[in-house]
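Commentary on secondary and tertiary structure
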Amino acid sequence: MTERLNYFAAAGDLLKPMLDQEEVLKASGLDITIIELVKLRASQINGCAFCIHMHTHDMRKMGESEDRMHLLAAWRESSLYSAKERAALGWTEALTRIADTHAPDAEYAAVAEHFSEREQVALTLMIGAINAWNRIAIGFRTPHPTEVK
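First, a word on what this report is: a plain description of the structure on this page. All figures in this text were calculated on a predicted structure; none of them were measured in a lab.

Their axes nearest at 9 Å, the elements helix H2 (residues 32-46) and helix H8 (residues 117-139) cross at an angle of 40 degrees. Considering their axes alone, H2 and H8 lie oblique with respect to each other. For the crossing formed where H2 meets H8, the hand is right-handed. Only Leu 123, Met 126, Ile 127, Ile 130, Asn 131, Asn 134, Arg 135 and Ile 138 of H8 make contact with H2, whose side of the interface consists of Ile 34, Ile 35, Val 38, Lys 39, Ala 42, Ser 43 and Asn 46. When grouped by side-chain class, the residues that make up the contact of H2 with H8 number nine nonpolar, four polar and two charged.

What follows covers the nonpolar core. Proteins that are soluble and globular tend to have nonpolar side chains buried together. Val 38, Phe 115 and Leu 123 are the most contacted members of the largest nonpolar core, which totals 15 residues. Where this core is concerned, the elements lending two or more residues are H2, helix H5 (83-96) and H8. Setting aside its immediate chain neighbours within four residues, Phe 115 contacts Leu 30, Ile 34, Lys 84, Ala 87, Ala 88, Gln 120 and Leu 123. Residues Leu 15, Ala 42, Cys 51 and Ile 136 belong to the second largest nonpolar core, which totals 10 residues.

For the rest of this paragraph, the subject is the packing of aromatic side chains. The full count for this structure, using the stated rule, is four aromatic pairs. On the numbers, 5.2 Å between centres and 40 degrees between planes, the contact of Tyr 7 with Phe 8 is tilted. On the accessibility criterion, Tyr 7 (8% relative accessible area) is buried. Measuring from ring centre to ring centre gives 6.3 Å for Phe 8 and Trp 133, while their planes differ by 25 degrees; the resulting arrangement is stacked. Taken together, the residues span a long stretch of sequence, with Phe 8 in helix H1 (residues 7-26) and Trp 133 in helix H8 at a distance of 125 residues. Judged by its relative accessible area of 41%, Phe 8 is partly exposed. Lys 84 extends its terminal NZ or CZ atom over the ring of Phe 115, reaching a point 4.9 Å from the ring centre.

Despite not being glycine, His 102 shows a phi value in the positive range, around 55 degrees. Following the sequence through the fold, His 102 ends up in the loop between helix H6 (98-101) and helix H7 (105-114). Look at Ala 103: it is not a glycine, yet its phi comes out positive at around 50 degrees. Among the secondary structure elements, Ala 103 is positioned in the loop between H6 and H7.

Our focus in this paragraph is the state of the cysteines. One pass over the structure, following the stated rule, counts zero disulfides. Here Cys 48 stays unpaired: no disulfide links it, and the sulfur of Cys 51, its closest cysteine neighbor, is 3.4 Å away.

Bringing the pattern of salt bridges into the picture now. One pass over the full model with this rule turns up 10 salt bridges. One salt bridge in this structure joins Lys 39 and Glu 22, with 2.7 Å as the shortest N-O distance. Taken together, the residues span a long stretch of sequence, with Lys 39 in helix H2 and Glu 22 in helix H1 at a distance of 17 residues. Overall, Lys 39 belongs to the buried group, its relative accessible area being 5%. Overall, the relative accessible area of 9% leaves Glu 22 in the buried class. Across the pair Glu 107 and Arg 76 runs a salt bridge whose closest N-O atoms are separated by 3.7 Å. A residue pair is termed long-range when its members are at least 10 positions apart, and Glu 107 in helix H7 and Arg 76 in the loop between helix H4 (66-70) and H5 qualify at 31 residues. The exposure class assigned to Arg 76 is partly exposed, which follows from its relative accessible area of 45%.

Basis of the calculations
- Residues numbered from 1 in each chain as written.
- Predicted model: local features only at pLDDT ≥ 70, side-chain atom pairs only at ≥ 80, totals over all residues.
- Heavy atoms only, no water.
- Axes fitted to C-alpha atoms, helices over the stretch in contact; angles between N-to-C directions.
- Helix = DSSP H or I, 4+ residues; strand = E, 2+ residues; numbered from the N terminus.
- Parallel < 35°, antiparallel > 145°, perpendicular 65-115°, else oblique.
- Left-handed = near helix turned anticlockwise from the far one by under 90°.
- Contact = heavy atoms within 4.5 Å.
- Nonpolar A, V, L, I, M, F, W, Y, C, P; charged D, E, K, R; others polar.
- Core = buried A, V, L, I, M, F, W, Y, C linked by side-chain atoms within 4.5 Å.
- Buried < 20%, exposed > 50% of the residue type's maximum accessible area, 1.4 Å probe, protein only.
- Phe/Tyr/Trp six-rings, centres within 6.5 Å; stacked < 30°, edge-to-face > 60°.
- Lys NZ or Arg CZ within 6 Å of the ring centre and 35° of its normal.
- Disulfide = S-S within 2.5 Å.
- Salt bridge = Lys/Arg side-chain N within 4 Å of Asp/Glu carboxyl O.

Next up, the structure:
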């Protein structure tokens, strides 16, 4: 894969609002583990190697288990995720695949059960943001680091 464009070098000022939003959402009260699970799951669905690499490394630094990262694609069949995490992951999948799902009532009900209204907004914005980052990284063919660790 060959990088098409270094978007930060070309238009870093245009990306600043997205970077600022990331900081606001990190401070929104959402649990950092949920934030990272959401980012990783959306990136898996979208096939964004750059973001999968970034978020697995971030999660590892936070102390996340290898099993939870490896089983994330099969979270519905794993007992390693809490009910709140499951609600967030279901909402992530529904919104990431919005053209197919149209955000089903059952997924929203699960989110509403586990998250305050403010947290629901933050979670939804987080899902939208990671999907935007995935599209930028995939569109411009941003390569992930290749060092072996």
